[in-house]
Amino acid sequence: MSTILITGATSGLGRYVAFELVRSGHTVLAHGRDRSRTESLVAELRSQGEAEGFVADLASLAQVRELGARVAEAHPDLDVLINNAGVGAGSPGSGREVSTDGHELRLAVNYLAPVALSRALLPVLRANTPARIVNVGSVGQEPVNFDDPEFTHGYAGFAAYCRAKFALAAHTFTLAEELADTGVAVNVLHPATFMDTAMVREGGVAPWSTVADGAPGVLALATEDLGTGRYFDGTNPARAHEETYDREVQKRLLTITDQLIAP
């Protein structure tokens, strides 16, 4: 059985997946932003199996790194990271928001945080192979504007969300290549379209599917050997936006990412 950290576990898809994993006998490390909600979730999870809670605001890169350090110290046996937490497109007509560090919020939480957390936990994951990183992405992907990565001009929430998910997919492929032959697999998936979550409802969208529809893909990537450097639509192998596979795009993204997450 694995020791699995899942971010954004207090609601939606993350909560559903956390219960499925703990019931299957895995040790679940449940991350949440709100302490009381995280503690309440962990109490429920512990009635089913092994669980521990970790609180951090992923809109702060310092807190992301601190989360990685706390998890690594408390659970040197960690072998799966599920980067699930995310910020949606926002309510219709809402403007551009920034993170604690001043980065565009969707870029910060949906992209920079998973990158920083993965990097912080890589030494532990590499020590516990076979290990897995599962990035919860989206079919909604739009190329990053390298001249304006922080989306300061012509901002739109849904486009910001899609750009962050594009970056997450491209990063997944870069990291998978970097970790080839280390025993750490890295994959990205679109779990299901417009699941019935607070994020989707806030965006003014009528849900098309349930979190139960989105869970099988995440669970499969977290618990089965399905290769590395791949994109899945649910449980089906698929293709991400073609530009996410472009080496030049990946290189430029990596350069910008290193600048943005530098302490």
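Please refer to the structure higher up on the page.
So, a few notes on the structure that sits alongside this text. What you are looking at is a predicted structure, and each value in this text was computed from that prediction instead of being measured.

What follows is about the overall build of the protein. Counting its regular elements, the protein contains 8 helices and 8 strands. Here the C-alpha radius of gyration of the protein, 17 Å, is about what a compact globule of 263 residues would show, namely 18 Å. Seen through its C-alpha atoms, the protein measures out along the principal axes to roughly 50 × 40 × 35 Å. Counting over 263 residues, the protein shows a buried share of 54%. On the protein, roughly 11,200 Å² of surface is accessible, and the fraction owed to carbon and sulfur atoms is 49%. On the protein, the mean spot of the 21 positive side-chain charges and the mean spot of the 32 negative ones are 1 Å from each other.

Moving on, we come to the sheet that holds strand β5 (residues 131-136). Two orientations exist for strands paired in a sheet by backbone hydrogen bonds: parallel and antiparallel. The mixed open sheet is built from 8 strands, whose spatial order is β3-β2-β1-β4-β5-β6-β7-β8. Two strands lie at the open edges of the sheet, namely β3 (51-55) and β8 (236-238), each paired on one side alone. For this sheet, the mean inter-axis angle between neighbouring strands, taken without regard to orientation, is 25°. Here 3 bridges tie strand β1 (residues 3-6) to strand β4 (residues 80-83), and the two strands are oriented parallel to one another. Bridging from a neighbouring strand, Ile6 pairs with Ile82 of β4. In the packing of helix α4 (residues 105-127) onto the sheet, the strands contacted are β1, β4, β5 and β6 (184-190), and the crossing angle to β4 comes to about 175°. Across the sheet, helix α7 (residues 211-223) touches β4, β5, β6 and β7 (231-233), and the angle it forms with β5 is around 160°.

Our next topic: helix α1 (residues 12-23). Along its 12 residues, α1 runs 17 Å from first to last C-alpha, staying within 8% of the 16 Å computed at 1.5 Å per residue. Every buried residue of α1 is accounted for by Leu13, Gly14, Val17, Ala18, Phe19, Leu21 and Val22. For α1, the elements touching its buried residues are β1, β2 (27-32), α2 (35-46), β4, β5 and α7. Gly25 occupies a position one or two residues after α1 and carries a positive phi of about 100°.

Its 14 residues place the ends of helix α3 (residues 61-74) 20 Å apart at the C-alpha level, agreeing with the 20 Å of an ideal helix rising 1.5 Å per residue. When we look at burial in α3, the residues that qualify are Leu61, Val64, Leu67, Gly68 and Val71. End-on, the buried residues of α3 take up no more than an arc of 110°, which puts them together on one face. Considering only its buried residues, α3 is in contact with β1, β2, β3, α4 and α8 (247-261).

Here we come to the nonpolar core. The biggest cluster of nonpolar side chains holds 46 residues, and the ones touching the most others in it are Leu5, Val71, Leu78, Tyr111, Leu121, Leu125 and Ile133. Considering each element in turn, this core owes the most residues, 13 residues, to α4. Aside from chain neighbours lying at most four places away, what touches Val71 is Leu5, Leu29, Phe54, Leu78 and Leu121. Core analysis: the second largest hydrophobic core is formed by 27 residues, Val17, Ala30, Leu189 and Phe232 among them.

Its location among the elements puts His26 in the loop between α1 and β2. Overall, the relative accessible area of 10% leaves His26 in the buried class. A distance of 3.0 Å separates a polar side-chain atom of His26 from the backbone nitrogen of Ser2. Those residues within four positions of His26 in sequence are excluded, and the remaining contacts are Met1, Ser2, Ile4, Leu21, Glu50 and Thr223.

Let's shift gears to the pattern of salt bridges. Charged atoms that come close allow side chains of opposite charge to pair. Following the criterion strictly, the structure yields 9 salt bridges and no others. In this structure, the salt-bridge partner of Glu97 is Arg106, at a minimum N-O distance of 3.0 Å. The buried category is assigned to Arg106, whose relative accessible area is 2%. Look at the salt bridges and you will find they share partners, linking Glu97, Glu104 and Arg106 into a network.

In this section: the packing of aromatic side chains. Under the criterion given, the structure shown has 3 aromatic pairs. A centroid spacing of 4.7 Å and a plane angle of 10° characterise the contact between Phe173 and Tyr245, whose relative ring orientation is stacked. With Phe173 in helix α5 (residues 157-178) and Tyr245 in the loop between β8 and α8, this residue pair connects regions lying 72 residues apart in the sequence. Classification of Phe173 by relative accessible area gives buried; the value is 6%. The class of Tyr245 is partly exposed, set by a relative accessible area of 24%. A cation over an aromatic ring shows up here: Arg239 above the ring of Tyr245, its NZ or CZ 3.9 Å from the ring centre.

Criteria and cut-off values
- Residues numbered from 1 in each chain as written.
- Predicted model: local features only at pLDDT ≥ 70, side-chain atom pairs only at ≥ 80, totals over all residues.
- Heavy atoms only, no water.
- Helix = DSSP H or I, 4+ residues; strand = E, 2+ residues; numbered from the N terminus.
- Rg over C-alpha atoms; globule rule 2.2 N^0.38 Å.
- Buried < 20%, exposed > 50% of the residue type's maximum accessible area, 1.4 Å probe, protein only.
- Areas by Shrake-Rupley, 256 points an atom, 1.4 Å probe, with all protein chains shown as cover.
- Lys, Arg positive; Asp, Glu negative; His and termini not counted.
- Charge placed at Lys NZ, Arg CZ, Asp CG, Glu CD.
- Pairing = 2+ DSSP bridges.
- Axes fitted to C-alpha atoms, helices over the stretch in contact; angles between N-to-C directions.
- Contact = heavy atoms within 4.5 Å.
- Expected span 1.5 Å × (residues − 1).
- Arc of directions from axis to C-beta.
- Core = buried A, V, L, I, M, F, W, Y, C linked by side-chain atoms within 4.5 Å.
- Polar contact = N/O pair within 3.5 Å; in protein donor to acceptor, adjacent residues only side chain to side chain.
- Salt bridge = Lys/Arg side-chain N within 4 Å of Asp/Glu carboxyl O.
- Phe/Tyr/Trp six-rings, centres within 6.5 Å; stacked < 30°, edge-to-face > 60°.
- Lys NZ or Arg CZ within 6 Å of the ring centre and 35° of its normal.

Shape descriptors only; they carry no functional weight alone.
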